[in-house]
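Listed here are the chains, written in short residue letters.
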Amino acid sequence: MNAITLVGRLVADPESKTSSTGKTVTTIRIAVRKKFKPQDDSQDSDFFTVEAWGKDAEYLATYGQKGRDIAVFGRMESRSYNDKDGGKRTMWDVKAERVSFIGGVRDSQTAPTTNADAYDPFGDE
């Protein structure tokens, strides 16, 4: 089973574009705090690039902004490439299957949560 759950914070505003097939794709970067702090007691995080398509992409583009807390449910995908020195590298990406903003809201722009017509990231499509 290929499944990943990430809970973190957006480190930049989402970046959206339209694919050649007309679908919306949005890319986000999130920071996820590590469970254990380094010995110097600083906060340590891992950073992930996440790609979302369709309704999830539109939801992120509309309501996402740097600093918002988010939960991402998806899968990992690898891709290989050759670096500038000709060495083979493997990169891992997260493909979102569901996304949801969590926690408190830091400003007046809020993701819909009570409107029956609003996008439900946990509902069936």
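Residue indices begin from 1 for each chain and proceed along its sequence in written order. Local features in a predicted model are, by the rule used here, given only for residues with pLDDT of at least 70; side-chain atom pairs are given and counted only at 80 or more, and totals for whole chains, interfaces and linings are based on all residues. For side-chain calculations, the full set of non-hydrogen atoms in the structure is used, while hydrogens and water are omitted.

Caption draft 1: View of the overall build of the protein. Numbering goes from the N terminus for both helices and strands, where a helix is a DSSP run of H or I of at least four residues and a strand is a run of E of at least two. Each helix and strand counted, the protein has one helix and six strands in total. Walking the protein from its N terminus toward its C terminus, one meets helices and strands in the order β-β-β-β-α-β-β. In what follows, a contact means two residues having at least one pair of non-hydrogen atoms within 4.5 Å. In the protein, of all internal contacts separated by at least 6 residues, the share reaching a separation of at least 24 is 59%. The method behind every accessible area is Shrake-Rupley, applied with a 1.4 Å probe, and residues are considered shielded solely by the protein chains displayed. Summed over all atoms, the accessible surface of the protein reaches about 8500 Å², with 46% contributed by carbon and sulfur.

Caption draft 2: Broad picture of the confidence of the model for the protein. How sure the predictor is of each residue is captured by pLDDT, a score from 0 to 100. Chain-level pLDDT for the protein is 83 on average; 78% of the residues reach the 70-or-more range. When mean pLDDT is compared element by element in the protein, strand β1 (residues 4-10) scores highest at 95, while helix α1 (residues 54-63) scores lowest at 92. Note on residues 113-122: pLDDT under 50 across the span, and 11 contacts to partners over four residues away in sequence or across chains.

Caption draft 3: Highlighting the side chain of K95. Of note, K95 is situated in strand β6 (residues 88-101). Each residue is assigned to one of three classes by its accessible area relative to the maximum for its type, calculated with a 1.4 Å probe on protein chains only: buried under 20%, partly exposed between the two thresholds, exposed over 50%. Taking the relative accessible area as the measure of exposure, K95 reaches 14% and is therefore buried. Any pair of N or O atoms that falls within 3.5 Å is considered a polar contact. Within protein, one atom must be able to donate a hydrogen and the other to accept it, and sequence-neighbouring residues count only if both atoms are side-chain atoms. In this structure the side chain of K95 is engaged in a polar contact, spanning 2.7 Å, whose partner is the side chain of E51. Each residue touching K95, except ones within four places of it in the same chain, is listed here: E51, G74, R75 and E77.

Caption draft 4: Molecular detail of the packing of aromatic side chains. Stacked, tilted and edge-to-face are the three classes assigned to paired rings of Phe, Tyr and Trp, where Trp is represented by its six-membered ring and a pair needs centres within 6.5 Å; plane angles under 30 degrees give stacked, over 60 edge-to-face, the rest tilted. Per the counting criterion, the structure on display carries two aromatic pairs. With a centroid separation of 5.3 Å and 35° between ring planes, the pair formed by Y59 and F101 is classed as tilted. Highlighted residues: Y59 in helix α1 and F101 in strand β6, separated in sequence by 42 residues. The exposure classification of Y59 matches that of F101, with both residues buried. A ring is considered to have a charge above it if a Lys NZ or an Arg CZ atom is located within 6 Å of its centre and within 35 degrees of its normal. The cationic tip of R68 hangs over the ring face of F101; the distance from NZ or CZ to the ring centre is 4.3 Å.

Caption draft 5: Main features of the nonpolar core. Nonpolar cores are built from buried Ala, Val, Leu, Ile, Met, Phe, Trp, Tyr and Cys residues. Side-chain atoms within 4.5 Å join them into one set. The biggest cluster of nonpolar side chains holds 17 residues, and the ones touching the most others in it are L6, I28, I30, V50, I70 and V72. Breaking this core down by element, the ones donating at least two residues are β1, β3 (24-33), β4 (45-53), α1, β5 (69-82) and β6. Element by element, the count of residues in this core is highest for β6, at four residues. Among residues more than four places away in sequence, those in contact with I28 are L10, P14, F48, T49, V50, L60, I70 and V72.

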